[in-house]
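This is what each chain is made of:
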Amino acid sequence: MLLELEAMVSVALAESRRAGTEEEGGRERQQLLWPSPNPGDIVFRSSTSRYFCGEGRSNSPFDSGDQPLISPSEVAILESMLEGGFRLSLKAHFLVSLPPLSPLSLTLTCLNLSFNGLRVFPAEILELTQLRVLRMRNNPVQHIPNDIKRLEKLEDFCISFNALTSLPSGLFELPSLQTLDVSHNSIQHLSRNISKLRTLQRLNVESNELIGLPPSLLSLPLTHLHISGNYLHPFLWRENCRSPPQALVDMCCTVVNALAMERDEGLPYAIREILDCRRSPCDENLCDFCRGPIFGPGLKVVRSTRPAKNFRFPLTTSFRVPVLYRACSQTCARTN
């Protein structure tokens, strides 16, 4: 494969030199037929680059349509293979899809796909089992697949300046993740499952649409936390915590469930069916205060909370984190 790619590169370079020679001869003939009107004018003669800005980037919007035998992204893969296949940078290649990465699937540890046009998270990345660093800044990616949990050795993941609105549960199952940058997206909620990232040290959620951080975040050994540019100012807490009045059936379910747990008594099948029907469908359906089930949408409460002792954030001791709690009832929120 390497020999074939090397031969293709040689052919492409030879064609490029031949095209430059023909263009130079054409310009000289044109100069003889139509000489410059001013004898003092200087005419610079050079062959036109086949790549945008001479950077070897592929799929440029200014291409004339004459594509080389081997694309610049394939040249980058070839160079990576010749250097051991550990690092690959396809930054600013105007890519809308990835070239085949199978030759690097067992060796690649660092991949840079920033400043491209990837609208869908490439499935080829999930096959790079040795990947440790993944950078996808400035791509219009809208969703991260749940199968990202297959990248068990991933330590540094940057997907800032994209179009994300949520984070998948599989992202919180990465056992080695230390740095996560999801800044400048449209994320409205962080799952409490983020506490599963026991090795996470640096988290950047700047410039999103968060109204609070999950309580489980305070249990992580974070050293760097960036939260500016969100809806976290105390002046916005009352507006962000407005919830519709709880339905009477939801309040009844909360009381009946609490009494049944207190008395350790079984409930009739009809009542248990109603409770299961009204229980919050999401997997985060437990009250942050009493740890009981939430029936219906529940209530939102934002409180300023001091970080835990193991929260090694390099700020003053007066630093407080705006935390978004979910409560099963008004009574539970007031008494805790």
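Residues numbered from 1 in each chain as written. Predicted model: local features only at pLDDT ≥ 70, side-chain atom pairs only at ≥ 80, totals over all residues. Heavy atoms only, no water.

Here we look at the overall build of the protein chain
Our working rule: Numbered from the N terminus, helices here are DSSP runs of H or I no shorter than four residues, and strands are runs of E no shorter than two. Buried means the residue's accessible area, taken with a 1.4 Å probe over protein chains only, is under 20% of the maximum for its type, while exposed means over 50%, and partly exposed covers the values in between. In what follows, residue pairs with any heavy atoms lying within 4.5 Å of each other are defined as contacts. Shrake-Rupley sampling with a 1.4 Å probe provides the accessible areas, and residues are treated as covered by the protein chains on show and by no other component.
The helix and strand inventory of the protein chain stands at six helices and nine strands. Expressed as a percentage of its 336 residues, the buried residues of the protein chain come to 40%. Across the protein chain, the fraction of contacts at a sequence separation of at least 24, relative to all contacts at a separation of at least 6, is 39%. Put simply, the protein chain shows about 19,300 Å² of open surface, and 55% of that area lies on carbon and sulfur atoms.

A short note on the side chain of Ser 80
Topologically, Ser 80 is positioned in helix α2 (residues 72-82). Here Ser 80 is in contact with Gly 85, Phe 86, Arg 87, Leu 88 and Leu 104, once residues within four sequence places are set aside.

Considerations on the sheet that holds strand β7 (residues 224-226)
Sheet strands pair via backbone hydrogen bonds, and the direction of the pair is either parallel or antiparallel. To be explicit about the condition: Here, a strand pair is defined by DSSP locating no fewer than two bridges between the strands. Orientation is described by lines fitted to C-alpha atoms, with helices fitted over the stretch in contact, and by angles between N-to-C directions that extend from 0 to 180 degrees.
Pairing within the open sheet is parallel, and its seven strands lie in the order β1-β2-β3-β4-β5-β6-β7. One side of each edge strand has no neighbouring strand; the edge strands of this open sheet are β1 (87-89) and β7. This sheet shows a mean twist of 5° between the axes of neighbouring strands, independent of strand direction. With three bridges joining them, strand β5 (residues 179-181) and strand β6 (residues 202-204) adopt parallel strand pairing. Along β6, the bridge assignment pairs Thr 179 with Arg 202.

Some remarks on a nonpolar patch on the surface
Our working rule: The residues that make up patches have over 30% relative accessible area and no salt bridge, and they are joined within 9 Å when like-charged or within 5 Å when they are Val, Leu, Ile, Met, Phe, Trp or Tyr. Basic side-chain nitrogens of Lys or Arg form a salt bridge, by our definition, when they fall within 4 Å of a carboxyl oxygen of Asp or Glu.
On the surface, a cluster of nonpolar side chains totalling about 350 Å² of accessible area is made up of Tyr 231, Phe 235 and Leu 236. With respect to the secondary-structure elements, Phe 235 resides in the loop between β7 and α3 (237-240). Using a relative accessible area of 73% as the deciding quantity, one classes Phe 235 as exposed.

A word on the state of the cysteines
What counts here: Two cysteine sulfur atoms form a disulfide, by the criterion used here, when they sit within 2.5 Å.
According to the stated counting rule, one finds zero disulfides in the structure shown. Take Cys 252: it sits in no disulfide, and the sulfur closest to it among the cysteines is that of Cys 253, at 7.0 Å. Take Cys 252: its relative accessible area is 41%, and that puts it in the partly exposed class. The structure places no disulfide on Cys 328, whose sulfur is separated from the nearest cysteine sulfur, that of Cys 290, by 3.7 Å. Taking relative accessible area as the criterion, Cys 328 reaches 4% and is therefore assigned buried.

Digging into the nonpolar core
Inclusion rule: Nine residue types can take part in a nonpolar core, namely buried Ala, Val, Leu, Ile, Met, Phe, Trp, Tyr and Cys, and a core is a set of them joined through side-chain atoms within 4.5 Å.
Grouped together as the largest cluster of nonpolar side chains are 62 residues, with contacts concentrated most on Leu 111, Ile 125 and Phe 157. Tallying contributions element by element places strand β9 (residues 321-327) first for this core, with four residues. When neighbours within four sequence positions are excluded, Phe 157 is seen to be in contact with Phe 121, Leu 134, Ile 144, Ile 148, Leu 171, Leu 177, Thr 179, Leu 180 and Asp 181. Ile 211, Trp 237, Cys 241 and Val 302 belong to the second largest nonpolar core, which has five residues in total.

Remarks on the pattern of salt bridges
For the structure shown, the criterion picks out seven salt bridges. One salt bridge connects Glu 239 with Arg 242, and the closest N-O pair in it is separated by 3.5 Å. Residues Asp 288 and Arg 291 are paired through a salt bridge, measuring 3.8 Å at the closest nitrogen-oxygen approach. Overall, Asp 288 belongs to the buried group, its relative accessible area being 17%. Of the residues examined, Arg 291 reaches a relative accessible area of 47% and is grouped as partly exposed.

Structural notes on the pairing of β9
Where burial is concerned, most of β9 is hidden: seven out of the seven residues are buried. Examined bridge by bridge, strand β8 (residues 299-305) and β9 share seven bridges and lie antiparallel to one another. Each residue of the ladder has a partner; that of Thr 305, found in β9, is Val 321.

Quick notes on the confidence of the model for the protein chain
Cut-off, in case you're wondering: Confidence scores here are pLDDT values: one per residue, from the predictor, ranging 0 to 100.
Summing up the model confidence of the protein chain, the mean pLDDT is 81 and the portion of residues at 70 or higher is 78%. Every residue in residues 31-62 scores below 50 in pLDDT, and together they form 47 contacts with partners more than four places removed in sequence or on other chains. Scored below 50 in pLDDT, residues 314-318 makes three contacts in the model with residues more than four places away or belonging to other chains.

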